[in-house]
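Each chain, letter by letter, is given below.
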Amino acid sequence: MTPETIEGYGVRLRPCHLADVPEMVAGCADPEIRRFMPLLPDPYDSGAARWWVTEGAPAAWAAGGAAYTIADPASDRLLGSIGLTRLSAERATYEIGYWVGAAARGRGVATAATRLLTERAFAAGAARLELLTRTENVASQRIALACGYRHEGVRRAAGADGDGVRQDLIAWVRLADDPPGPLARLLPDLPDGRLTDGVVTLRPVEPADTDALYRLHSLPEVVANRVPPVAPERAALARRCRLAASRWLAGEAADLAIVDVVTGAVVGGCALFYDEPATGQAMIGYSLLPEARGRGLAARTVRLVAGWAFGIGVARLWAGTRPDNVASQRVLERAGFRREGLLRGRLPGPDGARVDSVVYGRLATDEN
């Protein structure tokens with residue numbers, strides 16, 4: 001890589017200039033940027049920006065990486081910054097990182113810059129590029145997918161805040177011979193961000209749902225059907241809600257809040273786990289708060305999720321219930337599922353015991 005200007009996809013990547021300092025200061029002082037880049041100097045003033053232009057960026061180039069200003073091709077004004085850090089010269093492996101100022105967000109600038117620099121890096125001999133995102137940085141994860149980077153897993157405590165607290169980072173990776181993207185997702189977004197039949201609405205779980213879901217999953221009858229049958233800690237539920245969007249993007253699970261249309265209150269939860277993508281099979285689970293039971297909301301929820309799942313290519317849905325959970329079995333039957341058999345000792349029970357599971361299934365070709 002050499003510090004030359006490149007253009008494409010509506011952006012310009014060029015070396016940093018001292019004329020960039022005012023926009024750089026404004027961008028790096030933005031709370032949204034500082035939220036995901038906590039190791040930036042605080043406060044980020046003109047001195048910090050000048051240091052980057054005169055020393056930091058040249059050092060990045062000297063170390064075999066890259067440091068570009070993302071500029072508007074028409075005005076050449078700074079929109080953000082993007083660069084590469086060489087992780088291993090022998091393995092031709094680099095990490096890509098970027099930030100975009102508030103005024104340029106929502107216009108595809110980061111995606112365009114990432115795509116452009118990715119192509120240039122591979123053309124220059126890179127074999128593997130890594131894009132690390134904080135677990136809560138959903139926007140950056142969407143950029144990774146749009147640019148053909150694949151979810152490779154979580155790097156525990158790989159990042160750090162300014163106060164020394166360690167943070168997990170999600171690794172997104174693209175190889176030189178991978179398709180350019182965007183990457184097809186196992187679990188696409190819901191149409192219009194929700195599913196509804198006018199009585200219940202299903203939407204992605206959010207951090208604000210923690211209290212309702214903690215109450216739900218702490219109920220004895222719900223705990224009895226958890227795997228394992230242990231009440232969750234509130235911190236664990238909070239983390240689940242915080243990471244729900246990230247897990248959805250990675251194709252692990254579609255975690256949904258069940259909302260009563262009349263009251264607008266969260267009355268339960270439902271999740272779709274794509275447990276066998278190779279065979280087109282996914283699993284569904286659900287539960288309701290006591291005040292929402294007996295009104296047919298669970299069956300409505302399962303029908304909505306099943307319709308969406310079959311529409312995105314799932315061929316078979318299955319669910320398991322304890323033999324004594326007759327209410328859940330009736331829900332599945334009303335939603336078009338058929339009883340398929342009994343799996344002996346499939347689930348962990350209390351005190352080391354094993355519990356049977358009644359299996360229900362529904363195919364995309366079944367009539368509801």
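Residues numbered from 1 in each chain as written. Predicted model: local features only at pLDDT ≥ 70, side-chain atom pairs only at ≥ 80, totals over all residues. Heavy atoms only, no water.

Describing the overall build of the chain
Okay, step 1: Helix and strand counts for the chain stand at 10 helices and 16 strands.
Okay, step 2: The C-alpha extent of the chain, read off along each of the three principal axes, is 70 × 45 × 40 Å.
Okay, step 3: Each of the 368 residues in the chain was classed as buried or not, and the buried ones make up 46%.
Okay, step 4: Restricting to contacts in the chain with at least 6 residues of sequence separation, those with at least 24 account for 60%.
Okay, step 5: Summed over all atoms, the accessible surface of the chain reaches about 17,600 Å², with 53% contributed by carbon and sulfur.
Okay, step 6: The averaged location of the 43 negative side-chain charges in the chain is 4 Å from the averaged location of its 44 positive side-chain charges. (Helix = DSSP H or I, 4+ residues; strand = E, 2+ residues; numbered from the N terminus. Buried < 20%, exposed > 50% of the residue type's maximum accessible area, 1.4 Å probe, protein only. Contact = heavy atoms within 4.5 Å. Areas by Shrake-Rupley, 256 points an atom, 1.4 Å probe, with all protein chains shown as cover. Lys, Arg positive; Asp, Glu negative; His and termini not counted. Charge placed at Lys NZ, Arg CZ, Asp CG, Glu CD.)

Observations concerning the side chain of Arg14
Okay, step 1: Structurally, Arg14 can be placed in strand β2 (residues 11-14).
Okay, step 2: Among the residues examined, Arg14 registers a relative accessible area of 3% and is labelled buried.
Okay, step 3: A polar atom in the side chain of Arg14 sits 2.9 Å from the side chain of Asp76.
Okay, step 4: The contact partners of Arg14, leaving out residues within four places of it in the chain, are Thr5, Asp20, Tyr68, Thr69, Ala71, Asp76 and Leu78. (Polar contact = N/O pair within 3.5 Å; in protein donor to acceptor, adjacent residues only side chain to side chain.)

So, the layout of surface pockets
Once rolled over the atoms, a probe with the size of a water molecule shows which space is left empty.
Okay, step 1: There is about 1,300 Å³ of room inside the second largest pocket.
Okay, step 2: Top contributing element to the lining of the second largest pocket by residue count: strand β13 (residues 281-288), with six residues.
Okay, step 3: Here the lining of the second largest pocket is composed, by residue class, of 22 nonpolar, 13 polar and 11 charged. (1 Å grid on protein atoms, 1.4 Å probe; cavity = no way out; pocket = protein on both sides within 12 Å on 5 of 7 lines; lining within 4 Å. Points joined across faces, edges and corners; volume = space filled by probe spheres on them. Nonpolar A, V, L, I, M, F, W, Y, C, P; charged D, E, K, R; others polar.)

A short note on helix α1 (residues 21-28)
Okay, step 1: Val21, Glu23, Met24, Gly27 and Cys28 are the residues of α1 that are buried. Buried residues of α1, viewed axially, fall in a sector of 160°; they line one side. Projecting away from the buried face of α1 at angles above 90 degrees are the exposed residues Pro22 and Ala26.
Okay, step 2: For α1, the secondary structure elements touched by its buried residues are α2 (31-36), α3 (46-62), β4 (78-88) and β5 (93-100). (Arc of directions from axis to C-beta.)

Quick word on the sheet that holds strand β10 (residues 200-204)
Okay, step 1: A sheet is described by the order of its strands in space; here eight strands give the open sequence β9-β10-β11-β12-β13-β14-β16-β15, paired in mixed fashion. Lying at the two open borders of the sheet, with one neighbouring strand each, are β9 (195-196) and β15 (338-348).
Okay, step 2: Each of β10, β11 (253-260) and β12 (266-276) is contacted by helix α8 (residues 234-249), which is oriented at about 125° to β11, the strand it contacts most.
Okay, step 3: Its contacts with the sheet place helix α9 (residues 297-311) against β9, β10, β11, β12, β13, β14 (316-321) and β16 (354-363), and it is angled at close to 50° to β10. (Pairing = 2+ DSSP bridges. Axes fitted to C-alpha atoms, helices over the stretch in contact; angles between N-to-C directions.)

As for helix α6 (residues 210-217)
Okay, step 1: Among the residues of α6, Thr210, Leu213, Leu216 and His217 are the ones counted as buried. For α6, the angular spread of the buried residues around the axis is 130°, confining them to a single face.
Okay, step 2: Considering only its buried residues, α6 is in contact with α7 (220-223), α8, β12 and β13.

As for the nonpolar core
Okay, step 1: In terms of nonpolar packing, the biggest core is built from 49 residues, with Leu13, Ile70 and Ile82 touching the most fellow members.
Okay, step 2: With eight residues, helix α4 (residues 109-123) is the largest single contributor of residues to this core.
Okay, step 3: Within the second largest apolar cluster, 37 residues are counted, among which are Trp248, Leu288, Ala292 and Ala298. (Core = buried A, V, L, I, M, F, W, Y, C linked by side-chain atoms within 4.5 Å.)

Concerning the environment of Asp275
Okay, step 1: Here Asp275 shows up in strand β12.
Okay, step 2: In this view, Asp275 contacts Gln281, Ala282, Met283 and Trp318; residues no more than four positions away in its chain are not counted.
Okay, step 3: Side-chain polar atoms of Asp275 contact the side chain of Gln281, separated by 3.4 Å.

Remarks on the packing of aromatic side chains
Okay, step 1: Per the stated rule, a full pass over the model turns up three aromatic pairs.
Okay, step 2: With a centroid separation of 5.2 Å and an interplanar angle of 85°, the aromatic rings of Trp61 and Tyr68 are classed as edge-to-face.
Okay, step 3: Since its relative accessible area comes to 16%, Trp61 is described here as buried.
Okay, step 4: On the basis of relative accessibility, which here comes to 0%, the residue Tyr68 falls in the buried class.
Okay, step 5: Here the basic side chain of Arg115 rests over the ring of Tyr9, its NZ or CZ set 5.4 Å away from the ring centre. (Phe/Tyr/Trp six-rings, centres within 6.5 Å; stacked < 30°, edge-to-face > 60°. Lys NZ or Arg CZ within 6 Å of the ring centre and 35° of its normal.)

Describing the pattern of salt bridges
Okay, step 1: For the structure shown, the criterion picks out 29 salt bridges.
Okay, step 2: Between Arg128 and Glu152 there is a salt bridge, with its nearest N and O atoms 2.6 Å apart. Taken together, the residues span a long stretch of sequence, with Arg128 in strand β6 (residues 128-134) and Glu152 in strand β7 (residues 150-160) at a distance of 24 residues.
Okay, step 3: Take Glu152: its relative accessible area is 47%, and that puts it in the partly exposed class.
Okay, step 4: Residues Arg316 and Glu340 are paired through a salt bridge, measuring 2.9 Å at the closest nitrogen-oxygen approach. Placement of the pair is Arg316 in strand β14 and Glu340 in strand β15, with a sequence separation of 24 residues.
Okay, step 5: Salt bridges here are not isolated pairs; linked through shared partners, they connect Glu7, Arg12, Arg14, Asp20 and Asp76. (Salt bridge = Lys/Arg side-chain N within 4 Å of Asp/Glu carboxyl O.)

Examining unusual backbone geometry
Okay, step 1: Asp42 connects to Pro43 through a cis peptide bond whose omega is 0°.
Okay, step 2: Among the structural elements, Pro43 can be located in the loop between α2 and α3.
Okay, step 3: A cis amide bond links Val227 with the next residue in sequence, Pro228, at an omega value of -5°.
Okay, step 4: Within the secondary structure, Pro228 sits in the loop between α7 and α8.
Okay, step 5: Although it is not a glycine, Ala157 sits at a positive phi angle of roughly 55°.
Okay, step 6: Taking the relative accessible area as the measure of exposure, Ala157 reaches 33% and is therefore partly exposed.

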